[in-house]
Amino acid sequence: MNTFHSRAVVTEPPVWFITGCSTGFGLELAKQAIEHGYRTVVTARDPSTLKGYGATANALVLALDVTQPEQVAAAIDATLARFGRIDVLVNNAGIGYFAAVEESEEDEVRKMFEVNVFGTGRMIWAVLPGMRKQRAGCIVNLSSLGGLSGFPALGYYNATKFAVEGLSAALRQEVEPLGIRVMVVEPSGFRTDWAGRSANESKHQIDDYVATAGSVRAAVRASSGHQPGDPVRAAKAIIEAVASGNPPHHLLLGNDAFEGAMKRLEHLRRDFTAGEAVARLADFPNAARKSVA
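In this report, the structure presented in the accompanying data block is examined. (Residues numbered from 1 in each chain as written. Predicted model: local features only at pLDDT ≥ 70, side-chain atom pairs only at ≥ 80, totals over all residues. Heavy atoms only, no water.)

Notes on the pairing of strand β9 (residues 250–253)
In step 1: Residues Leu251 and Leu253 line the buried face of β9, whereas the alternating positions His250 and Leu252 sit on a face that is not buried.
In step 2: Sheet analysis places strand β7 (residues 180–187) next to β9, joined by four bridges and oriented parallel. Pairing of Pro187 across the sheet is with Leu253, part of β9. (Buried < 20%, exposed > 50% of the residue type's maximum accessible area, 1.4 Å probe, protein only. Helix = DSSP H or I, 4+ residues; strand = E, 2+ residues; numbered from the N terminus. Pairing = 2+ DSSP bridges.)

Okay, here's the thing in structure tokens:
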């Protein structure tokens, strides 16, 4: 079956390449992609966590740390040697970090950016030459409701996901004319390890932020394992969106994601409308308008 409409005709099952498959969305996506008969590349920093998948005829299990360029190159080469192409890239690998902006430790922030932003970009660089040659492909970037709205204790995590949103928006305009789709997934709280072992927090915590960042940090930790979002349903929604042939630019997942995104839109509309007169007076009089959007 074809995973999406494109200028290329693919008669074999599509090849899905998924990062960060040890737990959560990545693991569930890998399971469901294999169940659909898709040729699936299942990756994790420690592939021993993926025992059993290698025995599946249409699955390839690989070690992959997206922060290591040589591992990225080796994983792409192994995929092409086995399957000959990559049709869908899912940039799922990511980590969290809980701290007020002032509390944040630079080494932890840089580590998070290296995975969430530069790791995503590194994978995109690696697959695009093949997708351009095919004139077909789909890139799925995992963002978050936190890529649309900022929250106390998540400032630098928000920054990584806002970066993924901006990168995806620009990439989409560059590659859609070439037959390559780009979809950003924006979940709210799901029962994955993100709020548990996949996120560190600042060692130094400041009393002035106890009521803001501190309370959010505690609430997020307490919610781990009890979030309303179901990773099984989320993975199904992602796979169906890609297989539809016309995936949306943004895929919100969860009631909180939808309601939070709509609230953010309303807030932006109010702010922008209130500042319209000032915005319009900032141009030279009679200057020609030219939008890059």
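That covers the picture; the talk isn't over yet.
Quick notes on the sheet that holds β9
In step 1: Reading across from one edge, β3-β2-β1-β4-β6-β7-β9 is the order of the seven strands in this open sheet, with parallel pairing throughout. With partners counted over all chains shown, the strands left at the sheet margins are β3 (59–63) and β9, one partner each. Each strand axis lies, on average, 15° off the axis of its neighbour in the sheet, ignoring direction.
In step 2: Along the sheet, helix α1 (residues 24–35) makes contact with β1 (15–18), β2 (39–44), β3, β4 (88–91), β6 (137–142) and β7, crossing β2 at roughly 160°.
In step 3: Set on the sheet, helix α6 (residues 231–243) makes contact with β1, β4, β6, β7 and β9; between it and β9 the angle comes to about 160°. (Axes fitted to C-alpha atoms, helices over the stretch in contact; angles between N-to-C directions. Contact = heavy atoms within 4.5 Å.)

Considerations on the nonpolar core
In step 1: One finds Phe17, Leu89, Met123 and Ile139 to be the most contacted residues of the largest nonpolar core, which totals 35 residues.
In step 2: Of all the secondary structure elements, the ones that give two or more residues to this core are β1, β3, α2 (69–83), β5 (96–98), α3 (106–134), α4 (155–175) and β7.
In step 3: Per-element accounting of this core gives the leading share, eight residues, to α3.
In step 4: Residues contacting Ile139, with those up to four places away along its chain left out, are Leu89, Asn91, Ile124, Val127, Leu128, Met131, Leu171, Ile180, Arg181, Val182 and Met183.
In step 5: With 31 residues, the next largest nonpolar core counts Leu27, Val140, Ala234 and Ile239 among its residues. (Core = buried A, V, L, I, M, F, W, Y, C linked by side-chain atoms within 4.5 Å.)

Digging into unusual backbone geometry
In step 1: A positive phi angle is found at Arg135, which is not glycine, with a value near 55°.
In step 2: Topologically, Arg135 is positioned in the loop between α3 and β6.
In step 3: The phi torsion at Ala153 lies on the positive side, around 75°, for a residue other than glycine.
In step 4: Within the secondary structure, Ala153 is located in the loop between β6 and α4.
In step 5: The class for Ala153 is buried, based on a relative accessible area of 4%.

Description of α4
Turn by turn, an α-helix covers 3.6 residues, leaving residues three or four places apart pointing in a common direction.
In step 1: Over its 21 residues, α4 extends 30 Å from the first C-alpha to the last, a length consistent with the 30 Å expected when each residue adds 1.5 Å.
In step 2: If you follow the buried residues of α4, they end up packed against β5, α3, β6, β7 and β9. (Expected span 1.5 Å × (residues − 1).)

Let's talk about the environment of Met131
In step 1: Relative to the elements of secondary structure, Met131 occurs in helix α3.
In step 2: By relative accessible area, Met131 is classed as buried at 1%.
In step 3: When the C-alpha atoms of Met131 and Leu178 are compared, they prove to be 8.7 Å apart, with 47 residues separating the residues in sequence.
In step 4: With residues up to four places along the chain from it excluded, the contact list for Met131 reads Ile86, Asp87, Val88, Leu89, Ala136, Gly137, Cys138, Ile139 and Ile180.

Section: the packing of aromatic side chains
In step 1: This structure, assessed with the given rule, holds one aromatic pair.
In step 2: Geometrically, the ring pair formed by Trp16 and Tyr38 is stacked, given 5.6 Å between the ring centres and 10° between the ring planes. One end of the pair, Trp16, is in strand β1; the other, Tyr38, is in the loop between α1 and β2, with 22 residues separating them in the sequence. (Phe/Tyr/Trp six-rings, centres within 6.5 Å; stacked < 30°, edge-to-face > 60°.)

Focus: the pattern of salt bridges
In step 1: Inspection of every chain in the model, using the stated rule, returns nine salt bridges.
In step 2: Across the salt bridge formed by Glu103 and Arg217, the nearest N and O atoms sit 3.2 Å from each other. Residue Glu103 is found in the loop between β5 and α3, and its partner Arg217 is found in helix α5 (residues 210–223); the two are separated by 114 residues along the sequence.
In step 3: By relative accessible area, Arg217 is classed as buried at 6%. (Salt bridge = Lys/Arg side-chain N within 4 Å of Asp/Glu carboxyl O.)

Topic: the packing of α3 against α4
In step 1: The interhelical angle for the contact between α3 and α4, taken along N-to-C directions, is 15°, at an axis separation of 9 Å. Taken together, the axes of α3 and α4 lie roughly parallel to each other. The chirality of how α3 crosses α4 is right-handed. Along the contact surface, α3 presents Val109, Met112, Phe113, Asn116, Val117, Thr120, Gly121, Ile124 and Leu128, while α4 presents Tyr156, Tyr157, Ala159, Thr160, Lys161, Ala163, Val164, Leu167, Leu171 and Val175.
In step 2: Each residue belonging to the contact of α3 with α4 can be placed in one class, and the counts come to 14 nonpolar, four polar and one charged. (Parallel < 35°, antiparallel > 145°, perpendicular 65-115°, else oblique. Left-handed = near helix turned anticlockwise from the far one by under 90°. Nonpolar A, V, L, I, M, F, W, Y, C, P; charged D, E, K, R; others polar.)

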